[in-house]
Amino acid sequence: MKLEDFFNQHNIVDLSFFNFRNAITACYFANKELQVLKVNDNFKSFFPVLGNVTNVYFPDVLEQLGVPGAQIENFVVSLNGKGSVLIPEIHINLDGEDKVFSLLSTRTTDDVFSYLNGVQGQFVDRTAEWKLKRDREELLEQKIRDREIIEEKSRQLESLATRLAKYLSPQIYQTIFSHTDEQASAYSRKNLTIFLSDIVQFTDLSDSLEPERLAKVVNSYLSEMASIALDCGGTIDKFIGDAILVFFGDPESEGETEDALRCVEMALRMRARAAELQKYWQKLGVSQGLHVRMGIATGFCTVGNFGSEQRLDYTVLGSPVNLASRLEVAAKPDAILVDENTHSLIQGHVHCTKVERITPKGFARPIQVYQVDDFLSEEHRNLRRRLSRVGERVEVNVIDSSDIRAAIEELRRIQEEFEVQFAEGQRDAGGTRS
């Protein structure tokens, strides 16, 4: 006779289940064939819809609870194969409420009491935890969506700012976006050097060229001149058709003399660059080429945002602006005229030729005018960047200086093409001789 025969089976099962009676989880005990023998009170309170589940096949209990067939199959296979199973997330709808449980079950063995060989398991209510997890995931997803929206808006703003920057001089752009409303509406009076240029007989040119070619000519001209102006530290006020208005001394100044010298250097580089591009423009239909006249004047101007509530223009007002315009009109093609104030600032560094005194329209007294030749220092002149080269056999002229590295790469590609053509020509010549 075995020891287990001396004990009441029901009492032993109750005794073994004692630790589960007061558990906060829904516990069950089933025999080896998964027939439910015992459940605790929490099991009944968790799943009142089941009623009395004694002697019921446990997978049927799961099915009655609405557990998906795949999870039930996984439960049986894992329990039979590994002796234990953990299903971390089971969704069960109880009285219209979606609840989440985890199910842990394991096979038990007892050498003394064979009727304790079965399956013990428990349902753990994870609903609150799952809701917190879901809320956290939703918050994370919302955060990701918000970040994507912010990044998209940032890209849009960056694109807008990039497009807007093309309509403003970089110095003015920085001033507008770095100042407060009060600062943006402030005005100041400064001693500035004003530059103004235009193309000789531009009206005739615009009437004779096709719109596409005219646009290509004007855009290439303004692009190259603007690049030089920015490189010299000038503030581009505006383009007025073919005319360019640039000033030096605001928003940053290197001192009156240095501002004037930089302005003159800019004008000389513009003139040289225009000469380099003559052949390119002639190919576009400008038979006589482009010839530019320039005027420079120095004096006190009022600078700030002028306009209406609907549109503002950061610009300069004052007699030096008018004088620069008059000098530009009086200049001969490809000439640079400066007033006596500018000349007094640059005369130790720049060679100028005195021309006749003129009384510009709108001015009460005659003004001495000077024509700029070039800087006195040969070293200074040699420092200028040249974008065209003429050798004994090859002439190179950079049309677009906005990306010099791209131009260099293009020259390398041209070199490689020539080398390939030359090598092929050598092979063909050798084959012909044989």
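A brief report on the enclosed structure follows.

About the thresholds
Residues numbered from 1 in each chain as written. Predicted model: local features only at pLDDT ≥ 70, side-chain atom pairs only at ≥ 80, totals over all residues. Heavy atoms only, no water. Salt bridge = Lys/Arg side-chain N within 4 Å of Asp/Glu carboxyl O. Helix = DSSP H or I, 4+ residues; strand = E, 2+ residues; numbered from the N terminus. Buried < 20%, exposed > 50% of the residue type's maximum accessible area, 1.4 Å probe, protein only. Contact = heavy atoms within 4.5 Å. Pairing = 2+ DSSP bridges. Axes fitted to C-alpha atoms, helices over the stretch in contact; angles between N-to-C directions.

Tallied over the full model, the rule gives 14 salt bridges. Note that Lys 190 is salt-bridged to Asp 250, the shortest N-O span being 2.4 Å. Linking Lys 190 in strand E6 (residues 188-199) with Asp 250 in the loop between strand E8 (243-248) and helix H11 (256-276), this pair joins segments that are 60 residues apart in sequence. A salt bridge links Glu 328 to Arg 293; the shortest N-O distance between them is 3.4 Å. Residue Glu 328 is located in helix H13 (residues 319-330), and its partner Arg 293 is located in strand E9 (residues 292-307); the two are separated by 35 residues in the primary sequence. Accessibility expressed as a relative area gives 4% for Glu 328, which makes it buried. Where salt bridges share partners, they join Asp 198, Arg 293 and Glu 328 into one cluster.

Mapped onto the elements, His 343 comes out in helix H14 (residues 340-346). Those residues in contact with His 343 that lie beyond four places of it in its chain are Val 338, Cys 352 and Tyr 370.

What follows is about the sheet that holds strand E2 (residues 36-39). Pairing is antiparallel across the open sheet formed by five strands, whose spatial order is E2-E1-E5-E4-E3. The sheet terminates laterally at E2 and strand E3 (84-94), the two strands that pair on one side only. The mean angle between the axes of side-by-side strands here comes to 25°, regardless of whether they run parallel or antiparallel. With three bridges joining them, strand E1 (residues 26-31) and E2 adopt antiparallel strand pairing. When the sheet's bridge partners are listed, Tyr 28 is paired in E2 with Val 39. On the sheet, helix H5 (residues 69-82) packs against E1, E3, strand E4 (97-108) and strand E5 (118-125) and is oriented at approximately 160° with respect to E3.

These figures come from the coordinates and say nothing about function on their own.
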